[in-house]
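So the chains spell out like this:
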Amino acid sequence: MVERAETLGQLFRQGLRDIKSPMITTIRGKGLLNAIVIDESKTNGHSAWDLCMLMKEKGLLAKPTHQNIIRLAPPLVITEEQIQQALDIIRDAIHELPNLKGEKEDEIIPKEEKNVHIGLEN
């Protein structure tokens, strides 16, 4: 199980690197516990929270932590095919986020969840 988690984690991190987005400044992890650091200056006014909400809308749950860090921790029983599906969702969401405006933005990020700040004090 440990070897499988390490192998799939390496596959997942390589897939994140392959996205090659200036929005992702750091990719780190061990096994299937991973995180990406988001450069919010490249998101057109959006936050890591907003990216998580967009990914949720597309079918992937992730947890923002410390304002601009997103934790990605798939279950140990995940398959390679499911990892690829997750990477596709992450890629699509990262490309879509900077242009998210208007009604679509309001559908994905409810008014009461706009400008949510995730920090050490929360």
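Every residue gets a number counted from 1 within its own chain, in the order that chain's sequence is written. Reporting of local features is limited, given that this is a predicted model, to residues whose pLDDT is at least 70; pairs of side-chain atoms are given and counted only at 80 or more, and all residues count toward the totals for whole chains, interfaces and linings. By convention in this description, side-chain values take in all heavy atoms of the structure and omit both hydrogens and water.

**With respect to the sheet that holds strand E2 (residues 33-38)**
Worth spelling out the cut-off: Strands are treated as partners if at least two bridges between them are detected by DSSP. Secondary structure follows DSSP: runs of H or I at least 4 residues long count as helices, runs of E at least 2 residues long count as strands, and numbering of each begins at the N terminus. In this description, a line fitted to the C-alpha atoms serves as the axis of each element, helices being fitted only across the stretch in contact, and the angle between N-to-C directions of two axes falls anywhere from 0 to 180 degrees. The contact criterion used throughout is that any non-hydrogen atoms of two residues lie within 4.5 Å.
A sheet is described by the order of its strands in space; here 4 strands give the open sequence E1-E2-E4-E3, paired in antiparallel fashion. Because the sheet does not close on itself, it has two edges, and the strands there are strand E1 (24-30) and strand E3 (63-65). Sheet twist, expressed as the average angle between the axes of neighbouring strands with direction ignored, equals 25°. Pairing of E3 with strand E4 (residues 69-72), which is carried by 3 bridges, proceeds in the antiparallel orientation. Residue pairing across strands places Pro 64 opposite Ile 70, the latter belonging to E4. Contacts between helix H2 (residues 48-58) and the sheet are confined to E2, E3 and E4, with E4 contributing the most and set at about 35° to the helix.

**Here's the deal with the pattern of salt bridges**
Let me state the cut-off plainly: For this analysis, a salt bridge means a side-chain nitrogen from Lys or Arg found within 4 Å of a carboxyl oxygen belonging to Asp or Glu. Burial here depends on accessible area, computed with a 1.4 Å probe over protein chains only, as a share of the maximum for the residue type. Under 20% is buried, over 50% is exposed, and the range in between is partly exposed.
All chains considered together, the criterion is met by 4 salt bridges. The residue Arg 13 makes a salt bridge to Glu 6 at a minimum N-O spacing of 3.5 Å. Look at Glu 6 and you get partly exposed, because its relative accessible area is 27%. For Lys 42, the salt bridge identified is with Asp 39, shortest N-O distance 3.7 Å. Residue Lys 42 is classed as partly exposed on the basis of its relative accessible area, which comes to 42%.

**Here's the deal with the packing of helix H1 (residues 2-19) against helix H3 (residues 80-96)**
Spelled out, the test is: Note on angle classes: values under 35 degrees are labelled roughly parallel, values over 145 roughly antiparallel, values of 65 to 115 roughly perpendicular, and the remainder oblique. Less than a right angle of anticlockwise turn of the near helix away from the far helix marks a crossing as left-handed, whereas a clockwise turn marks it as right-handed. Note on residue classes: Ala, Val, Leu, Ile, Met, Phe, Trp, Tyr, Cys and Pro are nonpolar, Asp, Glu, Lys and Arg are charged, and everything else, Gly too, is polar.
The N-to-C vectors of H1 and H3 enclose an angle of 25°; their axes lie 10 Å apart at closest approach. In terms of axis orientation, H1 runs roughly parallel to H3. Where H1 crosses over H3, the two elements pack in a sense that is right-handed. Counting all contacts with H1, which are made through Leu 8, Leu 11, Phe 12, Gly 15, Leu 16 and Ile 19, the residues of H3 involved are Glu 80, Ile 83, Ala 86, Leu 87, Ile 90, Arg 91 and His 95. In the contact of H1 with H3, the residues fall into 9 nonpolar, 2 polar and 2 charged.

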